[in-house]
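An overview of the molecular structure
Chain by chain, the residues run as shown.
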Amino acid sequence: MAKLLFEWDYSSYPGAKTYPHLFKPIQLGQLTIPNRIKYAATEDNLNDHNGFVTDADVAYLRERAKGVVGGICTMQGVYMDEKRMGQGYVGQAAAWDDKYIPGLKRLADAIHEERAVAGCQLMHCGRVGAVEVEHCQGPSSVPQRLRIFRPVLEMSKADIKQCIKEHIEASERLLKAGFDVLEISGIVGYLLSNFVSSYTNRRTDEYGGDIRGRMRFVVELIQEVKKTCGDVPVGIRLCAEELLDDVKGNTHEESMITYEMAEEAGIDFMSVTAGWQESIVPVISRDVPMGSWIHLAKRAKEHIKIPVQMAYRLFTPDIPNKAIGDGELDFWEMCRPMIADPLMPKKVLEGREEDIRHCVACNVCLARLFRDAPMTCYINPVCAHESDPTFANPEKTQDQKIIMIIGGGPAGLECAYNAARRGHEVHVYEKGKELGGTILEASKAPYGDEELMTTINYQKAQCEKAGVVFHMETEVTEELIQDELPDSVILANGPVYSKGNGTGFDRDNVINVLDVLSGKAELGDKVVVWGNRKPGIGVALYLAKKGKKVTIVGKDKSAGFDVNPSFKWRYMIYLRQNGIMAYNDCDIESIEDNSVMVKTYDGYHFPVECDNVVVTEREANTNLKEIVQREGIELFVIGDALVPRNLSSAVHDGYRIGIRI
C-alpha cells in the first residue's frame, strides 16, 4: 500500500490546467509523491566547516521546500567518512556520526513543515573530494584534468567495504533524522562515477574490467542501502552520457547497462545526468539550448521501468510538461532555476509565470563552490541570505520618499520595485524607448545571451505591480531635477564609453559597441574590438557570426576578466572556433583609416589592419552627480554608473539600495 505524506489538491490552480503532467501524482517505491517536481540536491556551502547544519542552510532549504508545492525537496549531499576524504565542499553537511542527526533533523523538519517530501543525498566526492585533507580516493590513481584537486589514492578492497559500511550508517542516521527519500550520488566525477567509468577505473580485480565489473561496487552499495532503508525509496544519479570520449570514457551502451544493473539491484528511481566536471563539452551553460538533454531521459525510459528524473537546462515548465506527457520523462528536477527563484514551481502552479526570476545559466553558483565560498546567485540577491529577515524581507518604510531613478536598466529597475514595495513613490526616467539598459544590446550576442532579457522582463513586471511610474524617452537635465526636487536620486544611468589615450579615437571609423549590437552601425569586413572583457567578447562573437574578421585588443592580462571561471572557458573556445585573435595586455596607440597601431605591455608596437574599431571599454558615469549634490538631494550611484561591471553587480546594487533607502 503506497504511502502519501501530505494531501495536495491542485485542481483549482491555473498552472495545473496549463501544465497538467507536472501536477499529477507518481509512485516512488512505496511512497506517493503528489506532483512531478523535485528540488535536486545542490551543494550550497552554507554549513559550518565541521559538517554541522546552520541556520542559514535551514532557511535556504525551507524556502525551496515552499517552492516544490508538495513535491520532493532534497538537501545537499552529505559526506560520510570521518577522515573527510569524501568531502568535496567546505560547507558540506556531514553524517558520519550521530552528533549530526539533530542538525539533519532540522532540515527534514523544515521541509515537512512546508508539506513537502524530504530527500537527502549520500555523496562521496571521490577524485574531486578531500577538500580539507591531503588525498582523495578513487578506484585507480588516475590524475585529474583539473589541477585544483588532491592526488588520488587507489582504494583497497577493505576501503571499498568501509565505504559501503559508511553509506549504510549514514542512511540509518538520515532515516532517524526523518528523511523520506534517499538518493545515492554517482555523477560528475564523484566516487561511484569513478568506479563506473573506463576513464578512471583501471583495476584488474573484481571491481574493474568490463562495465559489469566496474559496476560491482555500485550494485553492492545499492543492495546494502536498500536493505537498510526498507520501504523508504532509494534512488541514484548516474551519467547517461559521460561526455569523456576524448579520454576513452564510457560508451552510450555501457551507460545504459549501468542503468539496467542499478534497477536490477533494487533502485527505486533514476536521476539522469550528462557530463563530468572534467568534460570539455558544455552541459549546463546557456550556450546549450534548453531541452537539449531530453533525449537522454527518453533513452533511459527505453531501458528501465522505474521513474526517470532529470534536470539539465529545463528552465521553463513547458519543456518537462511535454516530455512527461510524451512518456520521455517522469520527474522535473531543478537545481539552478530554484537557486535563482526558490518559489518557481509555486508560481507556475499559481499562474504567475511573469513573477519568475529565471536563471540565466551563468554558473556563478558553481564557481563559488569551487572556490570554497558560500553559494551566491548572479541574479537573486537574496540567495543564501534567507535567514536574515531584514535583508530577505525588509519591512515597510516609516519615512516615505519621492524617489527619482535615472536609468531603466537592470540596476535602476531592481532598485525601483524594491523601493516601491516598501512604500516609496518611485519614478524611473529612461531616455530610450525601451527599458533594459545595455542588456538590450548585450542580449544580441550569440551563444544564449538572449536569456539575459528574462531578468529585465521579470523586473518590468515587478515594477508594474509595485506601482512604479515610468517616464520614457525623458532625458534628465539639471532643470528637470530642480523642477521635481525629489527626496532621493538614484543614478543608474549606465557607464560612459571610453576614449582611449591614443590618437584617432574621434575618427568616423570608431563605433560604439551599443550601436553595433543594436544594428545602427554598418561596419567593414575587418574589425578591431577595443576591450577584452565581456562586452568586447560578446560583440566580437556577434561580428564573427556575421562573417567579419575580428581582432580583440584589450588591456587586461587575459580575456574575460569579468566572466566567472565556470563560464569563461566556453568563451575562450568560441573565440578560437570563430577565428578571433585576442591581443591581451595591450592597448591601441593610434587609429588610422585602415589600421590600428597596437602597443604591448612591454612597449612593442605592431599594426593590425581594420576598417573599423568598436569601443567597448567603459568608465564610471559622473554625469549629473555634481548637480544632484549641489541641490542637497540624497544621492546613490549604482550599477555601471558607479563602476562598470556586469548584470549581476547591477541587480545586487539595485536590490541593496532599494531595501535600505
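Residues numbered from 1 in each chain as written. Predicted model: local features only at pLDDT ≥ 70, side-chain atom pairs only at ≥ 80, totals over all residues. Heavy atoms only, no water.

A look at the domain arrangement of the protein
Stated precisely, the cut-off is as follows: All the domain ranges listed were derived from an automatic or database domain assignment. Here's the idea: put two parts together, see how much 1.4 Å probe accessible area each one loses, and the total over both is what we call buried area. Whenever Lys or Arg places a side-chain nitrogen within 4 Å of a carboxyl oxygen from Asp or Glu, that contact is recorded as a salt bridge. What qualifies as a polar contact is a pair of N or O atoms within 3.5 Å, subject to a donor-acceptor requirement within protein and to the restriction that residues adjacent in sequence count only when both atoms come from side chains.
On domain assignment, one finds that the protein holds domain 1 (3-331), domain 2 (396-495 + 641-658) and domain 3 (510-619). Averaged C-alpha coordinates put domain 1 and domain 3 at centres separated by 42 Å. Roughly 460 Å² is buried in total at the junction of domain 1 and domain 3, and carbon and sulfur atoms are behind 60% of that figure. Where domain 1 touches domain 3, the interface holds 1 salt bridge. For the salt bridge of Arg570 with Asp287, the shortest nitrogen-to-oxygen distance reads 3.1 Å. Linking domain 1 with domain 3 are 2 residue pairs in polar contact (both at pLDDT 80 or more).

A word on the sheet that holds strand 24 (residues 595-600)
Cut-off, in case you're wondering: Strands are labelled as partners when DSSP assigns at least two bridges between them. Secondary structure elements follow DSSP: runs of H or I of four or more residues count as helices, runs of E of two or more count as strands, with numbering from the N terminus. Helix axes are fitted to C-alpha atoms over the stretch in contact, other axes to C-alpha atoms as well, and angles between N-to-C directions run from 0 to 180 degrees.
Taken in spatial order, the 3 strands line up as 23-24-25 in an open sheet, and their pairing is antiparallel. One side of each edge strand has no neighbouring strand; the edge strands of this open sheet are strand 23 (586-591) and strand 25 (605-609). Neighbour-to-neighbour, the strand axes of this sheet turn through a mean angle of 35°, independent of strand direction. Two elements, strand 23 and strand 24, share 5 bridges in a ladder whose sense is antiparallel.

Some thoughts on the packing of helix 2 (residues 55-67) against helix 3 (residues 101-113)
The criterion, for reference: Should an angle lie under 35 degrees it is considered roughly parallel, over 145 roughly antiparallel, and from 65 to 115 roughly perpendicular; all remaining angles are considered oblique. A crossing counts as left-handed when the near helix is turned anticlockwise from the far one by less than a right angle, and as right-handed when that turn is clockwise. Note on contacts: a residue pair is in contact if any heavy atoms of the two residues lie within 4.5 Å. Three categories are distinguished: nonpolar for Ala, Val, Leu, Ile, Met, Phe, Trp, Tyr, Cys and Pro, charged for Asp, Glu, Lys and Arg, and polar for the others, with Gly belonging to the last.
The geometry of helix 2 relative to helix 3 is characterised by a closest axis approach of 8 Å and an angle of 30° between their N-to-C directions. Here helix 3 runs roughly parallel to helix 2, going by the angle between their axes. Between helix 2 and helix 3 lies a crossing whose hand is right-handed. The residues of helix 3 that touch helix 2, namely those facing Asp55, Asp57, Val58, Leu61, Arg62 and Ala65, are Arg106, Leu107, Ala110, Ile111 and Glu113. Each residue belonging to the contact of helix 2 with helix 3 can be placed in one class, and the counts come to 6 nonpolar, no polar and 5 charged.

Considering helix 20 (residues 534-545)
The cut-off we apply is this: Between the first and last residue of a helix there are one fewer steps than residues, each counted as 1.5 Å, and that sum is the expected span. Per-residue accessibility, obtained with a 1.4 Å probe over protein chains only, is compared with the maximum for each type, and a residue is labelled buried under 20%, exposed over 50%, and partly exposed between these values.
Given a rise of 1.5 Å per residue, 12 residues ought to cover 16 Å, and the 16 Å separating the end C-alpha atoms of helix 20 matches this to within 8%. A large share of helix 20 lies buried, amounting to 10 of its 12 residues. Of all the positions in helix 20, only Lys534, Gly536, Ile537, Gly538, Val539, Ala540, Leu541, Tyr542, Leu543 and Ala544 are classed as buried. Residues of helix 20 that are buried sit in contact with helix 19 (513-517), strand 20 (526-530), strand 21 (549-553), helix 21 (565-577) and strand 26 (612-615).

Observations concerning helix 7 (residues 216-229)
Compared with an ideal rise of 1.5 Å per residue, which puts 14 residues at 20 Å, helix 7 spans 20 Å between its outermost C-alpha atoms and is within 8% of the ideal. All of the buried residues along helix 7 are Phe217, Val218, Val219, Glu220, Leu221, Ile222, Val225, Lys226 and Cys229. Taken together, the buried residues of helix 7 touch strand 6 (117-122), helix 4 (157-177), strand 9 (181-186), helix 5 (191-196), strand 10 (234-241) and helix 8 (252-265). Of the residues trailing helix 7, Gly230 is marked for its positive phi of about 60°.

A closer look at the sheet that holds strand 3 (residues 31-33)
In space, the 3 strands of this open sheet follow the order 1-3-2, with mixed pairing throughout. Each edge of the open sheet carries a strand with a single partner, namely strand 1 (3-4) and strand 2 (26-28).

Observations concerning the environment of Leu523
Checked against the element boundaries, Leu523 lands in the loop between helix 19 and strand 20. For Leu523 and Leu543, which are 20 residues apart along the polypeptide, the C-alpha to C-alpha distance reads 9.2 Å. Leaving out residues up to four positions away in the same chain, Leu523 has contacts with Val516, Leu543, Lys548, Asn612 and Val614.

Some thoughts on the packing of helix 3 against helix 4
Between helix 3 and helix 4, the least distance of the axes is 8 Å, while the angle of their chain directions is 55°. Considering the angle they form, helix 3 stands oblique to helix 4. Once helix 3 is placed against helix 4, the crossing between them reads as right-handed. Between helix 3 and helix 4, the contacting residues are Ile101, Leu104, Lys105 and Ala108 on the first element and Arg173, Leu174, Lys176 and Ala177 on the second.

Regarding the nonpolar core
Our working rule: Residues enter a nonpolar core if they are buried and are Ala, Val, Leu, Ile, Met, Phe, Trp, Tyr or Cys, with the set joined through side-chain atoms within 4.5 Å.
Counting residues in each nonpolar core, the largest one holds 155 residues, and the members touching the most others are Val78, Leu104, Phe179 and Ile236. When residues of this core are assigned to domains, at least three fall in each of domain 1 (3-331) and domain 2 (396-495 + 641-658). Apart from residues lying up to four places away in sequence, Leu104 is in contact with Val53, Met75, Val78, Ala94, Ala95, Leu174, Ala177 and Phe179. Ranked by size, the runner-up nonpolar core spans 41 residues in total, among them Val528, Leu541, Ile591 and Val608.

A short note on the environment of Tyr207
One can find Tyr207 in the loop between helix 5 and helix 6 (211-214). Overall, the relative accessible area of 2% leaves Tyr207 in the buried class. Non-local contacts of Tyr207, meaning those with residues more than four positions away in its chain, are made with Lys157, Ile160, Lys161, Phe195, Asn201, Gly213, Arg214, Arg216, Phe217 and Glu220. At a separation of 3.1 Å, a polar atom in the side chain of Tyr207 contacts the side chain of Lys161.

Details of empty space enclosed by the protein
So the rule is basically this: The way it works is a 1 Å grid over only the protein atoms, where trapped points that fit a 1.4 Å probe form a cavity and open points with protein on both sides within 12 Å along at least five of seven lines form a pocket, and then any residue with an atom within 4 Å of a point lines it. Grid points are joined across faces, edges and corners, and a volume is the space filled by probe spheres set on the points.
Taken as a whole and judged by the stated rule, the model has 4 cavities of 30 Å³ or more. Of the pockets and cavities examined, the largest cavity occupies roughly 80 Å³. At the level of secondary structure, the elements contributing two or more residues to the lining of the largest cavity comprise helix 11 (336-340) and helix 13 (364-370). Considering each element in turn, the lining of the largest cavity owes the most residues, 3 residues, to helix 11. Of the residues contributing to the lining of the largest cavity, the split by class is 11 nonpolar, 2 polar and 1 charged.

Digging into the pairing of strand 14 (residues 402-406)
Rule in force here: Handedness of a crossover is defined as follows: with both strands directed away from the viewer, a clockwise route from the first strand across the helix to the second makes it right-handed.
Most of strand 14 sits out of view: 4 of its 5 residues are buried. Bridge count between strand 14 and strand 15 (residues 425-430): 5 bridges; the pairing is parallel. Each bridged residue has a counterpart across the sheet, and for Met404 the counterpart in strand 15 is His427. Traced from strand 14 through helix 15 (residues 410-421) to strand 15, the parallel crossover comes out right-handed. As defined by bridge partners, strand 14 adjoins strand 17 (residues 488-491) across 4 bridges and the pair is classed as parallel. Residue pairing in the sheet places Ile405 in a bridge with Ile490 of strand 17.

Brief notes about the pairing of strand 24
Here strand 24 shows a buried face lined by Val596, Val598 and Thr600 and an unburied face lined by Ser595, Met597 and Lys599. For strand 24 and strand 25, the ladder comprises 5 bridges, and the chain directions are antiparallel. By the bridge assignment for strand 25, Val596 is matched with Val608. Between strand 24 and strand 25, which pair antiparallel one after the other, the connecting turn spans 4 residues, and Gly603 there sits at a positive phi close to 90°.

Concerning the side chain of Asn201
As for its placement among the helices and strands, Asn201 is situated in the loop between helix 5 and helix 6. Polar contacts involving the side chain of Asn201 include one to the main-chain amide nitrogen of Arg203, which spans 3.0 Å. Polar side-chain contacts of Asn201 include one of 2.9 Å to the backbone oxygen of Tyr207. Ignoring any residue separated from it by four or fewer positions in sequence, one finds Asn201 in contact with Pro139, Ser140, Asn194, Phe195, Tyr207, Gly208 and Arg214.

Some points on the side chain of Arg299
Summarising the element assignment, Arg299 is placed in helix 9 (residues 294-301). Residue classification places Arg299 among the buried residues on the basis of a relative accessible area of 17%. Residue contacts for Arg299: discarding those within four places in its chain leaves Ala240, Glu241, His252 and Met256.

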